Amino acid sequence: MTISVNRETIPSSASTANADSLRLKDILRTLPREVFEKNRRKAWTLLIVNVLMVCLGYWGLALAPWFLLPPLWIFTGTALTGFFVIGHDCGHRSFANRRWVNDLVGHLAFLPLIYPFHSWRILHNHHHAHTNKLDEDNAWQPVKPEIFANQAPWMQWLYRFVLNGCWWVGSIVHWAGLHFNWTKFEGKQRSQVKFSVLVVLGCAAIAFPLLIATTGIWGFVKFWLLPWMVYHFWMSTFTIVHHTAPDIPFIPAENWNAAQSQLFGTVHCDYPGWVEFLCHDINVHIPHHLSTAIPSYNLRLAHRSLQEKWGGQLRECRFSWSLMKQITQQCHLYSAEECYQTFKDYYAKR
């Protein structure tokens, strides 16, 4: 595969100069009203199909000969990513109308991933409120050269390791480093996060020893660890692609515009059909950033409406290894003039 980004259609600072006056509510008024409507039948059908796909994957892992395990790990891990997307809708309250239903389904969907639901929900909503805002966006942003220079050598090594071709472990670093420490949260949020952390740790404390006792260490690796690694491959890939390209800027707070960052700083990426199916179209990402109230099953309708309005100004690409190579070779440290500075240029200047 090759990159299918049309560079001629990516908005330059000149072509989007009048976008500074854009407001999110004005953009949202152009979308069909039905994209915001929750459909109970569609939501629960997606969940049931997702459960069946995960069960199918584990059934295959239990019965298949060794040479079929790799494709089954990929299939099962991708289906588990669908669980995350279901929980993602729950975190945005776009799965069900009742908050307790969203919280219950969200916790259950995140359990196999050992992901604390409330900490992810709170931190992820912060990302939506500060998308592509320098020093505020907590999803995936470039580090300033002066901050990188003052980091410990092991932190510099880790950052280079992740961005120089090993982006697929970035989600694991994010998961482990941000989501289990409830003391970083305040008030009601702290008790919610503590509850979610204890739920997943309690589940792991029961499920992991039971899995090892019945299937051995190899069973733990076969049935949980490797599908979980595939899930994190997709999470890392989706997250970095959603807002990363050599010419997508991260804007200081004083110059940041919410509508411009959400509309022109978010990337729509087409993946193979089986990935889109198992992951519930989460990569139809531009309308999701304009409004988290749009359920996943309405994202394509919303995106078609945006295409009619904004046409070639939207950032669209197709997933490929060439795309990931471009991102990991060029998008390293922050540069106010050119959006990104490569590690090679950084060390050459020093």
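Keep in mind the model is a prediction, meaning the values are calculated, not measured. (Residues numbered from 1 in each chain as written. Predicted model: local features only at pLDDT ≥ 70, side-chain atom pairs only at ≥ 80, totals over all residues. Heavy atoms only, no water.)

A. Structural view of the overall build of the protein chain. For the protein chain, the helix and strand inventory stands at 15 helices and 4 strands. At 20 Å, the protein chain has a C-alpha radius of gyration in line with the 20 Å of a compact globule built from 350 residues. Across its three principal directions, the C-alpha atoms of the protein chain cover 60 × 50 × 45 Å. Relative to its 350 residues, the protein chain shows a buried fraction of 53%. Accessible area of the protein chain: about 16,700 Å², with a carbon and sulfur share of 62%. When the 30 basic and 22 acidic side-chain charges of the protein chain are each reduced to a single mean position, those positions are 8 Å apart. (Helix = DSSP H or I, 4+ residues; strand = E, 2+ residues; numbered from the N terminus. Rg over C-alpha atoms; globule rule 2.2 N^0.38 Å. Buried < 20%, exposed > 50% of the residue type's maximum accessible area, 1.4 Å probe, protein only. Areas by Shrake-Rupley, 256 points an atom, 1.4 Å probe, with all protein chains shown as cover. Lys, Arg positive; Asp, Glu negative; His and termini not counted. Charge placed at Lys NZ, Arg CZ, Asp CG, Glu CD.)

B. Structural detail: the pairing of strand β2 (residues 315–318). What you see with β2 is a clean split: Arg315 and Cys317 sit on the buried side and Glu316 and Arg318 on the side with no burial. Summarising the sheet, strand β1 (residues 267–270) and β2 pair through 4 bridges and their orientation is parallel. Across the sheet, residue His268 finds its bridge partner in β2, namely Glu316. (Pairing = 2+ DSSP bridges.)

C. Broad picture of the packing of helix α4 (residues 99–110) against helix α5 (residues 117–129). Where α4 contacts α5, the two axes come as close as 9 Å, and the packing angle between them is 105 degrees. As far as their axial angle goes, α5 and α4 are roughly perpendicular. Every residue of α5 that contacts α4 at Asn102, Asp103, Gly106, His107 and Phe110 is listed here: Phe117, His118 and Trp120. Here the contact of α4 with α5 is built from residues that sort into 3 nonpolar, 4 polar and 1 charged. (Axes fitted to C-alpha atoms, helices over the stretch in contact; angles between N-to-C directions. Parallel < 35°, antiparallel > 145°, perpendicular 65-115°, else oblique. Contact = heavy atoms within 4.5 Å. Nonpolar A, V, L, I, M, F, W, Y, C, P; charged D, E, K, R; others polar.)

D. View of the confidence of the model for the protein chain. The share of residues in the protein chain with pLDDT of 70 or more is 94%, and the mean pLDDT across the chain is 92. In the model, residues 1–17 has pLDDT below 50 throughout and makes 35 contacts with residues more than four positions away in sequence or in other chains. (pLDDT = per-residue confidence, 0-100.)

E. Representation of helix α3 (residues 69–91). Taking 1.5 Å as the rise per residue, α3 with 23 residues should run 33 Å; its terminal C-alpha atoms sit 32 Å apart, in good agreement. With 19 of its 23 residues buried, α3 lies for the most part within the structure. Immediately downstream of α3, the backbone of Arg93 shows phi near 60 degrees, a positive value. (Expected span 1.5 Å × (residues − 1).)

F. The arrangement of the pattern of salt bridges in detail. Under the criterion given, the structure shown has 8 salt bridges. Two residues, Asp26 and Arg23, come together in a salt bridge whose shortest N-O distance is 2.8 Å. On the basis of relative accessibility, which here comes to 42%, the residue Arg23 falls in the partly exposed class. (Salt bridge = Lys/Arg side-chain N within 4 Å of Asp/Glu carboxyl O.)

G. Spotlight on the environment of Gln341. Residue position: Gln341 is located in strand β4 (residues 339–341). Of the residues examined, Gln341 reaches a relative accessible area of 10% and is grouped as buried. In this structure, the C-alpha to C-alpha distance between Gln341 and Gln329, residues 12 residues apart in sequence, is 10.0 Å. Gln341 has contacts with Pro145, Gln330, His332, Leu333, Tyr334, Ser335, Tyr346 and Lys349, leaving out every residue within four places of it along the chain.

H. Local environment of the packing of helix α2 (residues 40–63) against α3. Contact geometry of α2 with α3 gives a least axis separation of 9 Å together with a crossing angle of 155 degrees. Between α2 and α3, the angle is such that the two are roughly antiparallel. As for how α2 packs across α3, the hand of that crossing is left-handed. Taken together, the residues of α3 that come into contact with α2 (itself represented by Leu46, Leu47, Asn50, Val51, Met53, Val54, Leu56, Gly57, Tyr58, Gly60 and Leu61) are Leu69, Leu72, Trp73, Phe75, Thr76, Ala79, Leu80, Gly82, Phe83 and Ile86. (Left-handed = near helix turned anticlockwise from the far one by under 90°.)

I. Main features of the environment of Cys317. Counting through the fold element by element, Cys317 comes out in strand β2. For the pair formed by Cys317 and His179, sequence separation is 138 residues and the distance between their alpha carbons is 30 Å.

J. Quick look at unusual backbone geometry. Here the phi dihedral of Ile114 falls at roughly 55 degrees; this positive angle occurs in a residue that is not glycine. For Ile114, the position within the fold is in the loop between α4 and α5. You can call Ile114 buried: its relative accessible area is 7%. Positive phi, normally seen in glycine, also occurs at Asp281, with a value near 60 degrees. Relative to the helices and strands, Asp281 resides in the loop between α11 (273–278) and α12 (286–290).

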